[in-house]
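Remarks on the overall topology
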Amino acid sequence: MERPQEITVRVLKHDGSEYRRWNAKLSYREGDLFVFAGEFDIDVSHELLGEIKRSTKTIEYYWLDRWYNVFRFLNDDGSTRLWYCNVNTPPQFEGDTLTYVDLEIDVLVQPDFSFQVLDEHEFETNAKLYGYSDEQKANVQAAVEELMALIEQRQFPFMLENSSVSFCG
């Protein structure tokens, strides 16, 4: 079996400065969908997510034509701990690097599919600060609405454990 391609994910702020960077393995690709297997290489303490221990595994879903991505955080037994959705510009994938601009709004989804939209105030502040266009604002709103519909309808990648496909293997 061919080894998965290791890629670098780069997250930028609207001004082009790098915000975060990590490595993941390309597990699956179909059309504009890329699925990566990731693993935290440090311990992270997050205000909403709690303690994320080193070696926590994620499945990361990116679409080149969508204004969001989805991270599925896994428990040690492979079950879903939660989903974390980032609203962002459609990513660019060049060579071994995937890059996108974080637009602040996030959606946190629990295993029971309850969810909350986060950081709307931060988005409004940055929209003014960086002069987001009306088109960008409309795309962000549409992305949030699409994510909520996918969650409510249990559509890919928000599916019950026994009906989902694991790409981490």
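Look up: the structure comes first, before these words.
The model shown is predicted, which means the values in this text are computed figures rather than measured ones.

What about the overall build of the protein chain?
Of the regular secondary structure elements, the protein chain holds 2 helices and 11 strands. Starting at the N terminus and ending at the C terminus, the protein chain contains elements arranged as β-β-β-β-β-β-β-β-β-β-β-α-α. Looking at the protein chain as a whole, 42% of its 169 residues are labelled buried. Accessible area of the protein chain: about 9500 Å², with a carbon and sulfur share of 46%.

Considering the environment of R154
One can find R154 in the segment after α2 (134-152). As for R154 and F113, which are separated by 41 residues in sequence, their C-alpha atoms are 8.0 Å apart. For R154, the contacting residues outside a window of four places in its chain are D112, F113 and M159.

A short note on the environment of V140
Along the chain, V140 turns up in helix α2. The spacing of V140 and W67 is 73 residues in sequence and 6.7 Å in space, taken between C-alpha atoms. Beyond its immediate stretch of four places on either side in the chain, V140 contacts V87, L103, I105 and F123.

A short note on the side chain of N126
Among the secondary structure elements, N126 is positioned in helix α1 (residues 120-130). Residue class for N126 comes out buried when judged on its relative accessible area of 12%. Leaving out residues up to four positions away in the same chain, N126 has contacts with E104, G131 and Y132.

Quick notes on the pairing of strand β2 (residues 18-30)
With 8 bridges joining them, strand β1 (residues 5-12) and β2 adopt antiparallel strand pairing. Note that in β2 the partner of R10 across the bridge is R21. Between β1 and the antiparallel strand that follows it, β2, lie 5 residues; G16 among them carries a positive phi value of about 90°. Here β2 runs beside strand β3 (residues 33-39); their pairing, made up of 6 bridges, is antiparallel. Bridged to K25 within β3 is A37. A loop of 2 residues connects β2 with β3, the two strands running antiparallel in sequence, and G31 in this loop sits at a positive phi of about 60°.

A closer look at the environment of I7
Relative to the assigned elements, I7 resides in strand β1. Separated by 19 residues in the primary sequence, I7 and L26 place their C-alpha atoms 6.8 Å from one another. Not counting residues within four places of it along the chain, the set of residues in contact with I7 comprises W22, N23, A24, F36, F93 and D96.

Notes on the packing of aromatic side chains
This structure, assessed with the given rule, holds 13 aromatic pairs. Ring centres of W63 and F156 lie 6.5 Å apart, and the angle between their planes is 85°; on these two criteria the pair is classed as edge-to-face. With a gap of 93 residues between them, W63 in strand β6 (residues 57-63) and F156 in the segment after α2 connect regions that are remote in the sequence. For F156, a relative accessible area of 28% corresponds to the partly exposed category. Through pairs of rings, three or more aromatic residues link up here, namely W22, F34, F36, Y62, F71, F93 and Y100.

Examining α2
Compared with an ideal rise of 1.5 Å per residue, which puts 19 residues at 27 Å, α2 spans 27 Å between its outermost C-alpha atoms and is within 8% of the ideal. R154 lies just past α2 and shows a positive phi near 55°.

Procedures and definitions
Residues numbered from 1 in each chain as written. Predicted model: local features only at pLDDT ≥ 70, side-chain atom pairs only at ≥ 80, totals over all residues. Heavy atoms only, no water. Helix = DSSP H or I, 4+ residues; strand = E, 2+ residues; numbered from the N terminus. Buried < 20%, exposed > 50% of the residue type's maximum accessible area, 1.4 Å probe, protein only. Areas by Shrake-Rupley, 256 points an atom, 1.4 Å probe, with all protein chains shown as cover. Contact = heavy atoms within 4.5 Å. Pairing = 2+ DSSP bridges. Phe/Tyr/Trp six-rings, centres within 6.5 Å; stacked < 30°, edge-to-face > 60°. Expected span 1.5 Å × (residues − 1).

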